[in-house]
Amino acid sequence: MSVLVRISNGALSSQGLPHVLNPAPATEQVGATLVFEGIVRANEQGRAIRALSYEAYEPMATNSLTDLARDILCKHALIAITVEHSRGEVLAGERSFRLAIHSAHRKEALAAMDEFIDRMKRDVPIWKSPIYI
């Protein structure tokens, strides 16, 4: 079981981390890999935006994401979780969040992904502010 968390400046690469595609531990046991990418929409609250600005309270945000990932990993008997989140400005159409979950079966991965995102939005000290056009 492994967890990898990274908060980086600006938009996330469309390539992702190598760990997303090839989890190091127990690769032969992986039966499902789910990847969710959050993309900045061109509008926020009905108004056109140029970008979102993300603020992360560090190191608390990284620690919170790591704790959450470990909890989800154990609760859903997963193999690996990779989490990437942006800090700073991310333009409309660019990626600001990526979650990859590796598990033996799809049901566990689907349940884990939904729970992770809901809890992250509620509990992790990362905030977004729209930059309107």
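Residues numbered from 1 in each chain as written. Predicted model: local features only at pLDDT ≥ 70, side-chain atom pairs only at ≥ 80, totals over all residues. Heavy atoms only, no water.

Undergrad: Teacher, can you tell me more about the overall build of the chain here?
TA: When you go through the chain residue by residue, the secondary structure sums to three helices and seven strands. Along the chain, helices and strands appear, N-terminal first, in the series β-α-β-β-β-α-β-β-α-β. Over its C-alpha atoms the chain spans a radius of gyration of 15 Å, differing by no more than 12% from the 14 Å that the globule rule assigns to 133 residues. Once the C-alpha set of the chain is aligned to its principal axes, its extents read approximately 50 × 25 × 25 Å. Out of the 133 residues belonging to the chain, those deemed buried represent 44%. Excluding contacts between residues fewer than 6 apart, the proportion of contacts in the chain whose partners are at least 24 apart in sequence is 79%. Carbon and sulfur atoms form 51% of the exposed surface of the chain, whose accessible area is close to 7,200 Å². In the chain, which carries 15 positive and 15 negative side-chain charges, the distance between the mean positions of the two groups comes to 4 Å. (Helix = DSSP H or I, 4+ residues; strand = E, 2+ residues; numbered from the N terminus. Rg over C-alpha atoms; globule rule 2.2 N^0.38 Å. Buried < 20%, exposed > 50% of the residue type's maximum accessible area, 1.4 Å probe, protein only. Contact = heavy atoms within 4.5 Å. Areas by Shrake-Rupley, 256 points an atom, 1.4 Å probe, with all protein chains shown as cover. Lys, Arg positive; Asp, Glu negative; His and termini not counted. Charge placed at Lys NZ, Arg CZ, Asp CG, Glu CD.)

Undergrad: I tried to follow the nonpolar core on my own but got confused; where do I start?
TA: General note: in soluble globular proteins, nonpolar side chains tend to be found buried as a group. Core analysis: the largest hydrophobic core is formed by 29 residues, its most contacted members being Leu65, Ile81, Val83, Leu99, Ile101, Phe116 and Ile126. Looking at this core, the elements with two or more residues in it are strand E1 (2-9), strand E4 (47-56), helix H2 (60-75), strand E5 (80-91), strand E6 (95-103) and helix H3 (106-123). In contact with Ile101, not counting residues within four places along its chain, are Ala32, Thr33, Leu34, Leu78, Ala80, Ile81, Ala109, Ala112 and Met113. (Core = buried A, V, L, I, M, F, W, Y, C linked by side-chain atoms within 4.5 Å.)

Undergrad: Help me out: how do you make sense of the side chain of Ser64 in this one?
TA: Note on placement: Ser64 falls in helix H2. Once residues within four sequence positions are removed from consideration, Ser64 is found in contact with Val124 and Pro125.

Undergrad: Please clarify how the environment of Arg47 should be interpreted in this entry.
TA: Here Arg47 is to be found in strand E4. The spatial distance from the C-alpha of Arg47 to the C-alpha of Ile126 is 22 Å, given a sequence separation of 79 residues. Sequence-distant contacts of Arg47, that is, excluding residues within four places in its chain, are made with Ala42 and Tyr132.

Undergrad: For this particular structure, what's the right way to read the pattern of salt bridges?
TA: All told, the structure shown has 12 salt bridges when counted by the stated rule. One salt bridge in this structure joins Arg119 and Asp71, with 2.7 Å as the shortest N-O distance. Taken together, the residues Arg119 in helix H3 and Asp71 in helix H2 connect sequence positions 48 residues apart. Take Asp71: its relative accessible area is 35%, and that puts it in the partly exposed class. Of the charged contacts in the structure, one is a salt bridge between Asp123 and Arg122, with a shortest N-O distance of 2.9 Å. For Asp123, a relative accessible area of 43% translates into the label partly exposed. Overall, the relative accessible area of 60% leaves Arg122 in the exposed class. Through salt bridges with shared partners, a single ionic network connects Arg6, Glu37, Glu84, Arg95 and Arg98. (Salt bridge = Lys/Arg side-chain N within 4 Å of Asp/Glu carboxyl O.)

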